[in-house]
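# Chains, contacts and geometry: an overview
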Amino acid sequence: MSSSLKYLLLVAPAALMIAILFLYPLGFSLVSAFTAPGQPFTLDHFRKVYALYASDVLFSLLIVLISVALLALLAITLSAVIALSPCRPVVRLLGFLYRLPLFIPFIVVAQMMRTFLAKNGLMNNALVTPLETLSWLGWKGIVITFVWKQLAFATLLICGAMAALESSQILAARNLGASRPRILFDIMLPQVLPTIGVALVLSTVTMMSVLSVPLMIGVGTPTMLTVDMAFRVNSYGDYAVANALGVVSLAICGALSWFYLRHSLQQKGGES
């Protein structure tokens, strides 16, 4: 048996699983979104999406952009503290705390945040007086939940990239009198930007695919596209419109990924 055939047999089970569980459903969804009985090609499902769910598409996009912006700010700050802080007990404490969300499923996070952010929840009872309580459920709660859940993932990637940098660069900058913010913005961030981009793109895809968080924390309309897809399937059995909503969600993730890749390639071209 040739070595190429052995390698093919080695990857065949994984490739078969990808084809059955990912490629086939993706192809079926795309065909269903653009076809109808007796029509080999139609945009009627997308017209219905625009008529019924245009506000939800905009809402989903805004939620993701706000969450990604806050996630980038917090993850970079936390990574910088871990990488540059001279206080090792603080670093060890942060290193333990920021990893906790990694091990909690989204549905558990949604239930926790629903209890925590409610009008009579733990946050209001602990931080404000009873007369000042207000519900954080809705778009604010969705943003808080997404940021908290993805913070561990983004920080792990960014902090790992910062830790992999040449320590001699940081030591040289310190010897020349550079402050920690100067080291962060002038030396570390330019070198870890690709990792930051990867973390944010993957977090975007995760946020766009989660159903439990907007379903349990959102209040009424507008809502996110995953809730609309579940509603079309469960209430009407309308897989065509649900798949059209999925294509719109895929287009949003693809556009953000394209923007990152284009910017990354431009940077590499400028450096070369």
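Here, the structure is the one placed above.
In this report, the structure presented in the accompanying data block is examined.

Conventions used here
- Residues numbered from 1 in each chain as written.
- Predicted model: local features only at pLDDT ≥ 70, side-chain atom pairs only at ≥ 80, totals over all residues.
- Heavy atoms only, no water.
- Helix = DSSP H or I, 4+ residues; strand = E, 2+ residues; numbered from the N terminus.
- Buried < 20%, exposed > 50% of the residue type's maximum accessible area, 1.4 Å probe, protein only.
- Contact = heavy atoms within 4.5 Å.
- Areas by Shrake-Rupley, 256 points an atom, 1.4 Å probe, with all protein chains shown as cover.
- Lys, Arg positive; Asp, Glu negative; His and termini not counted.
- Charge placed at Lys NZ, Arg CZ, Asp CG, Glu CD.
- Core = buried A, V, L, I, M, F, W, Y, C linked by side-chain atoms within 4.5 Å.
- Axes fitted to C-alpha atoms, helices over the stretch in contact; angles between N-to-C directions.
- Parallel < 35°, antiparallel > 145°, perpendicular 65-115°, else oblique.
- Left-handed = near helix turned anticlockwise from the far one by under 90°.
- Nonpolar A, V, L, I, M, F, W, Y, C, P; charged D, E, K, R; others polar.
- 1 Å grid on protein atoms, 1.4 Å probe; cavity = no way out; pocket = protein on both sides within 12 Å on 5 of 7 lines; lining within 4 Å.
- Points joined across faces, edges and corners; volume = space filled by probe spheres on them.
- Salt bridge = Lys/Arg side-chain N within 4 Å of Asp/Glu carboxyl O.

### Quick word on the overall build of the protein chain
Looking only at helices and strands, the protein chain features eleven helices and zero strands. In sequence order, the secondary structure elements of the protein chain are arranged as α-α-α-α-α-α-α-α-α-α-α. Considered along the principal axes of its C-alpha atoms, the protein chain spans approximately 75 × 75 × 40 Å. Expressed as a percentage of its 272 residues, the buried residues of the protein chain come to 38%. Considering only residue pairs separated by 6 or more positions, the protein chain has 70% of its internal contacts joining residues 24 or more positions apart. When the accessible surface of the protein chain is totalled, it reaches about 16,000 Å², and 71% of it is carbon and sulfur. The protein chain carries 16 positive and 8 negative side-chain charges, and their two centres are separated by 9 Å.

### Considering the nonpolar core
In terms of nonpolar packing, the biggest core is built from 64 residues, with I142, F146, M188 and V213 touching the most fellow members. Every element with two or more residues in this core is listed here: α2 (44-84), α4 (106-117), α6 (139-163), α7 (167-175), α8 (180-209), α9 (212-217), α10 (225-236) and α11 (239-271). Looking at this core element by element, the count peaks at 15 residues for α2.

### Some remarks on the packing of α7 against α8
A pair of packed helices is captured by two measures, namely the crossing angle of their axes and the spacing between those axes. The geometry of α7 relative to α8 is characterised by a closest axis approach of 10 Å and an angle of 150° between their N-to-C directions. Considered as vectors, α7 and α8 are oriented roughly antiparallel to each other. In this structure, α7 meets α8 at a crossing whose hand is right-handed. Facing α7, whose interface residues are Q169, I170, A173 and R174, α8 presents R180, I183, I187, M188 and Q191. Taken together, the residues of the contact of α7 with α8 sort by class into five nonpolar, two polar and two charged.

### A look at the packing of α2 against α6
As a packed pair, α2 and α6 sit with axes 7 Å apart at the nearest point and diverge in direction by 40°. Taken together, the axis directions place α2 and α6 in an arrangement best described as oblique. As α2 runs across α6, the sense of the crossing is right-handed. Residues of the contact of α2 with α6, tallied by class, amount to 22 nonpolar, four polar and no charged.

### Re the layout of surface pockets
Of the pockets and cavities examined, the largest pocket occupies roughly 390 Å³. If you trace the largest pocket, you find 16 residues lining it, with G197, L200, V201, F259 and Y260 closest to the centre. For the lining of the largest pocket, the secondary structure elements donating two or more residues are α2, α8 and α11. By residue number, the principal contributor to the lining of the largest pocket is α8, which donates seven residues.

### Here's the deal with the pattern of salt bridges
Under the defined criterion, the tally for this structure stands at three salt bridges. Note that D186 and R182 form a salt bridge whose closest N and O atoms lie 2.3 Å from each other. Here R182 and D186 lie together in helix α8, a separation of four residues that amounts to about one turn. With relative accessibility at 46%, the residue D186 sits in the partly exposed group. A salt bridge links D238 to R232; its shortest N-O distance comes to 2.7 Å. Judged on exposure class, the residue D238 and its partner R232 are both buried.

### Concerning the environment of F231
Turning to its location among the elements, F231 is positioned in helix α10. Taking the C-alpha atoms as reference, F231 lies 8.4 Å from A242; in sequence the two are eleven residues apart. Once you skip the residues sitting within four places of it in the chain, F231 turns out to touch Y53 and Y236.

### Focus on the environment of A12
Along the chain, A12 turns up in helix α1 (residues 3-34). Put simply, A12 and A36 are 24 residues apart on the chain and 34 Å apart in space, counted from C-alpha to C-alpha.

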